[in-house]
Amino acid sequence: MAGFRVRPLPFPELRKDPVVDRWVIVSTERGGRPIEKTPSLPSQSSWCPFCEGQEHDTPGELLAFRSPGSPADGPGWWVRVVPNRFPAVRLTSPSAFGAHEVFIECPRHERDLARLPVGSVCEVFESYRQRLAFWRADGRLAYGQLFKNVGAPAGASLEHSHAQLIVLPMVPSDVRAELDAAKQHHIETRRCVFCDLMRSERESERFVARSEHFTAFAPYASRFAWEVWVFPDRHDPHFDAITPAERDDLAGLVRLLLRRLGDALPQPDYNLVLHTAPFSHSPHEPYHWHLEILPRTTQAAGFEWGTGFAINPVPPEQAAMFYRGSADDSLC
Ligand SMILES: [Zn+2]
Ligand SMILES: [Zn+2]
Ligand SMILES: [Zn+2]
């Protein structure tokens, strides 16, 4: 935790997520079990199938933003989406029916989205939108899980900046839990639970940032040190309904948050997860899409696996203060 000193809490706190039935222990005492710095992933000096010029090392492209006239599966692109060579699910599998795609986010070898110019990050989010819209229109599958694994502790096997989309025939249980809670809250109050949450978090110590169209905060029951969530101010269940102005604004905010995370943790390892509504949901469902940034600084062990409880060594209120840039007194 270079550059940041956590102020100890007087005692560990047991916290429940305000929306779903998920518990965490916020404990500054143990400092967490830091992840051993694993040997770094193959870098530019070794072979990388995602670098421009290596297009023959990936399956043929499903989508690419490339200069006019440049042929498919050759150089000249800035974002490229291909099927995963080692898919977790396949359209042709009777038991694991689905699709698995990889978004190669830049032609040059960069580890992190945060290092790309903001215009490139806008294009990356546009590629996410187009593939999710494609699968929603396709109609054969139920849910698209878009995520990024950055760094070996977060599950990445390649260093080159990329995201993945796994399209599933069912709705995964974490999203199902959020959907059920949102439905229940709507029955009781006629309001969206996430609109309510965002409104209260803007006034809390966990508030991180507001851009033109988005609100970011460190969730009350953060599972991870420096966890941060980003919600669109405009209520919409589906990410792929994002407008061009919202998309560009989101790209700028996410890039800023990741750069800020890099100030706390050099070369941060993290997962980025998009939660959006199942494809079949109408625009009137009480769900509200959002992004979750989940830094990986500690290793889950027996207690965590046995209980499903996370142990978080950085109180979200302190993480938020750091993101807001008002944590100078904590910097060492
Ligand atoms: Zn590369
Ligand atoms: Zn809402
Ligand atoms: Zn979520």
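Our subject is the structure that appears above.
Residues numbered from 1 in each chain as written. Chains lettered and ligands numbered in written order. Predicted model: local features only at pLDDT ≥ 70, side-chain atom pairs only at ≥ 80, totals over all residues. Heavy atoms only, no water.

## What about the overall build of the protein?
Summing up its helical and strand segments, the protein has six helices and 13 strands in all. Considering only C-alpha atoms, the protein reaches an extent of 60 × 50 × 40 Å along its principal axes. Burial status across the protein gives 55% buried among its 332 residues. Counting contacts in the protein only where the partners sit at least 6 residues apart, residues at least 24 apart contribute 67% of the total. Entry remark: accessible area of the protein is about 14,700 Å², with carbon and sulfur atoms responsible for 55%. For the protein, the centre of its 36 positive side-chain charges and the centre of its 42 negative side-chain charges are spaced 1 Å apart. (Helix = DSSP H or I, 4+ residues; strand = E, 2+ residues; numbered from the N terminus. Buried < 20%, exposed > 50% of the residue type's maximum accessible area, 1.4 Å probe, protein only. Contact = heavy atoms within 4.5 Å. Areas by Shrake-Rupley, 256 points an atom, 1.4 Å probe, with all protein chains shown as cover. Lys, Arg positive; Asp, Glu negative; His and termini not counted. Charge placed at Lys NZ, Arg CZ, Asp CG, Glu CD.)

## Observations regarding the coordination of the zinc ion (ligand 2)
Around the zinc ion (ligand 2), the protein supplies C192 (SG), C195 (SG), H235 (ND1) and H288 (ND1) as donor atoms, at distances of 2.0 to 2.3 Å. Every donor counted, the four donor atoms about the zinc ion (ligand 2) form angles of 103 to 117° at the centre, which fits tetrahedral coordination. Read from N- to C-terminus, the donor residues coordinating the zinc ion (ligand 2) fall into the pattern C-x2-C-x39-H-x52-H. Residue C195 is found in helix α3 (residues 193-202), and its partner H235 is found in the loop between β10 (228-232) and α4 (244-264); the two are separated by 40 residues along the sequence. On the basis of relative accessibility, which here comes to 14%, the residue C195 falls in the buried class. (Donors = N, O, S within 2.8 Å, 3.2 Å for Na, K, Ca; no water. Tetrahedral: all angles 85-135°; square planar, octahedral: opposite > 155°, others 65-115°.)

## Notes on the pairing of strand β2 (residues 23-26)
Of the strand pairs in this sheet, strand β1 (residues 13-16) and β2 are connected by four bridges, and their pairing is antiparallel. Across the sheet, the residue bridging to L14 is I25, located in β2. Joining the antiparallel neighbours β1 and β2 is a turn of six residues. Pairing of β2 with strand β13 (residues 310-312) involves three bridges; the strand directions are parallel. Paired with V26 across the strands is N312, a residue of β13. (Pairing = 2+ DSSP bridges.)

## With respect to the sheet that holds β1
Taking strand neighbours across the sheet as the criterion, the three strands line up as β1-β2-β13 in an open arrangement whose pairing is mixed. The sheet is open, and its two borders are formed by β1 and β13, each paired with just one other strand. Adjacent strand axes in the sheet meet at a mean angle of 30°, parallel and antiparallel pairs treated alike. (Axes fitted to C-alpha atoms, helices over the stretch in contact; angles between N-to-C directions.)

## Notes on helix α6 (residues 316-324)
Most of α6 is tucked away, with eight of its nine residues classed as buried. Among all positions in α6, only P316, E317, Q318, A319, A320, M321, F322 and Y323 are buried. Those residues of α6 that are buried lie in contact with β1, β2, β8 (207-210), β10, α4 and β13. Of the residues flanking the end of α6, it is G325, one or two places downstream, whose phi is positive at about 85°.

## Remarks on the coordination of the zinc ion (ligand 3)
Around the zinc ion (ligand 3), the protein contributes the donor atoms E178 (OE), H275 (ND1), H290 (NE2) and E292 (OE), at 2.0 to 2.1 Å from the metal centre. Every donor residue of the zinc ion (ligand 3) comes from the same chain, spaced as E-x96-H-x14-H-x1-E. Of this pair, E178 sits in helix α2 (residues 173-189) while H290 sits in strand β12 (residues 290-295), and the two are 112 residues apart along the sequence. The buried category is assigned to E178, whose relative accessible area is 4%.

## Points about helix α1 (residues 118-138)
With 21 residues, α1 extends 31 Å from end C-alpha to end C-alpha; this agrees with the ideal 30 Å at 1.5 Å per step. Turning to α1, its buried residues number three or more, namely V121, C122, V124, F125, E126, S127, Y128, R131, L132 and W135. (Expected span 1.5 Å × (residues − 1).)

## Quick look at the side chain of E110
Its location among the elements puts E110 in the loop between β5 (99-104) and α1. Looking at E110, the relative accessible area reads 17%, which means it is buried. Filtering out sequence-adjacent residues up to four positions away, E110 remains in contact with R115, L116, E159, H160 and S161.

## Comments concerning unusual backbone geometry
Although it is not a glycine, D73 sits at a positive phi angle of roughly 60°. By secondary structure assignment, the location of D73 is in the loop between β3 (63-66) and β4 (77-83).

## Points about the packing of aromatic side chains
The description of an aromatic ring pair uses the distance of the two centres, along with the angle that the planes make with each other. Here the structure, examined in full by the defined rule, presents 10 aromatic pairs. When the ring of F125 is compared with that of Y128, the centres are 5.2 Å apart and the planes differ by 70°; the resulting orientation is edge-to-face. With F125 and Y128 both in helix α1 and three residues apart, this pair spans about one turn of that helix. On the numbers, 5.7 Å between centres and 15° between planes, the contact of F217 with F231 is stacked. With a gap of 14 residues between them, F217 in strand β9 (residues 214-217) and F231 in strand β10 connect regions that are remote in the sequence. Put simply, the rings of F194, F217, W229, F231 and Y287 touch in pairs and so form one group of aromatic residues. When the ring centre of F134 is taken as origin, the NZ or CZ atom of R131, which lies over that ring, is 4.3 Å away. A cation over a ring is seen here: R260 above F322, with NZ or CZ 4.7 Å from the ring centre. (Phe/Tyr/Trp six-rings, centres within 6.5 Å; stacked < 30°, edge-to-face > 60°. Lys NZ or Arg CZ within 6 Å of the ring centre and 35° of its normal.)

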